[in-house]
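Next come the chains, spelled out residue by residue.
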Amino acid sequence: MRVGRIPALALALALALALAVVGAAGAVAAPTAASDDTLLPHPGPEGLVWVPEWTGGGGVASGGAWDELPTVLTVACRGGGSAAVSMDSQQGRVADFSVDCPADRVGVGPVTMDPGVVEPGSFTIGVDASKDTIRWSLTVTQPE
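Residues numbered from 1 in each chain as written. Predicted model: local features only at pLDDT ≥ 70, side-chain atom pairs only at ≥ 80, totals over all residues. Heavy atoms only, no water.

Chemist: Help me understand the overall build of the protein chain, please; the structure alone is not making it clear to me.
Modeler: Assigned secondary structure in the protein chain consists of one helix and eight strands. Its helices and strands taken in sequence order, the protein chain reads α-β-β-β-β-β-β-β-β from the N to the C terminus. Split into buried and exposed, the 144 residues of the protein chain put 35% on the buried side. Element-wise, carbon and sulfur atoms account for 58% of the exposed surface of the protein chain, whose accessible area totals about 8,100 Å². (Helix = DSSP H or I, 4+ residues; strand = E, 2+ residues; numbered from the N terminus. Buried < 20%, exposed > 50% of the residue type's maximum accessible area, 1.4 Å probe, protein only. Areas by Shrake-Rupley, 256 points an atom, 1.4 Å probe, with all protein chains shown as cover.)

Chemist: Mind showing me how you'd approach the sheet that holds strand β5 (residues 92-101) here?
Modeler: Adjacent strands of a sheet form backbone hydrogen bonds with each other and so pair up, either parallel or antiparallel. Strands sit in the order β2-β7-β4-β5 across an open sheet of four strands; the sheet is antiparallel. Lying at the two open borders of the sheet, with one neighbouring strand each, are β2 (58-65) and β5. Going from strand to strand, the sheet's axes swing by 15 degrees on average, the running direction of each strand aside. (Pairing = 2+ DSSP bridges. Axes fitted to C-alpha atoms, helices over the stretch in contact; angles between N-to-C directions.)

Chemist: Got a minute to help me understand the sheet that holds strand β8 (residues 135-141) in this structure?
Modeler: Read from one edge to the other, the open sheet built from four strands follows the order β1-β8-β3-β6, with strand pairing classed as antiparallel. Edge positions in the sheet fall to β1 (47-55) and β6 (107-113), since each has one partner strand and no second. Each adjacent strand pair in this sheet contributes to an overall mean axis angle of 10 degrees, direction not counted. Pairing between strand β3 (residues 71-78) and β6: seven bridges, direction antiparallel. What sits directly across from Cys 77, in β6, is Gly 107.

Chemist: Would you take a moment to explain the state of the cysteines for this structure?
Modeler: Put plainly, a disulfide is one covalent bond tying together the sulfur atoms of two cysteines. This structure, assessed with the given rule, holds one disulfide. What pairs with Cys 77 in a disulfide is Cys 101, and their sulfur atoms sit 2.0 Å apart. Taking the sign of the S-S torsion, about -90 degrees here, the bridge from Cys 77 to Cys 101 comes out left-handed. Of this pair, Cys 77 sits in strand β3 while Cys 101 sits in strand β5, and the two are 24 residues apart along the sequence. In terms of burial, Cys 77 and Cys 101 fall into one category: buried. (Disulfide = S-S within 2.5 Å.)

Chemist: What should I look at first to understand the pairing of strand β4 (residues 81-89) in this one?
Modeler: Residues in a regular strand project their side chains so that they alternate between the two faces of the sheet. Sheet topology places β4 next to β5; nine bridges connect them, and they run antiparallel. If you follow Asp 88 over to β5, its bridge partner there is Arg 93. Between the end of β4 and the start of β5, which pair antiparallel, lie two residues.

Chemist: Is there a simple way to think about the environment of Val 111 in this case?
Modeler: Mapped onto the elements of the fold, Val 111 is located in strand β6. Spatially, the C-alpha atoms of Val 111 and Val 72 are 5.8 Å apart, while their sequence positions differ by 39 residues.

Chemist: Sorry if this is basic, but what is going on with the pattern of salt bridges here?
Modeler: If charged atoms from side chains of opposite charge come close, those side chains can pair. One pass over the structure, following the stated rule, counts three salt bridges. Between Asp 88 and Arg 93 there is a salt bridge, with its nearest N and O atoms 2.8 Å apart. For Asp 88, a relative accessible area of 22% corresponds to the partly exposed category. Given a relative accessible area of 48%, Arg 93 falls into the partly exposed group. The residue Arg 93 makes a salt bridge to Asp 96 at a minimum N-O spacing of 3.9 Å. (Salt bridge = Lys/Arg side-chain N within 4 Å of Asp/Glu carboxyl O.)

Here you go:
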């Protein structure tokens, strides 16, 4: 299959953007191998975002939020440290919290925001892991 210059350039730009969003502090982190101990399960049909697993700092940008439903951001982590989590909606910070990440079990930190706190459209989430070896997962849901 031959790829023209324009589609190849578009693919390269999309990949670069995706890596920049998930990369930590300007560096691109490599995803970890799948493990048997899932940190957070798939959120199902109410899920807007699911990051099954990442190691070190990173984040995600997404869209599709609706302001008429509550928004639940859940982060789970493991590895002997902590994860500082922030969420920004259209006009600013809507969540800022920390999750303890024990070495021997999974720590979970959920935050629920009332309808209207997360504005319609896009949002970003940052996860600042205290160590590069911290494994984390996150979900964003809007339960009806």
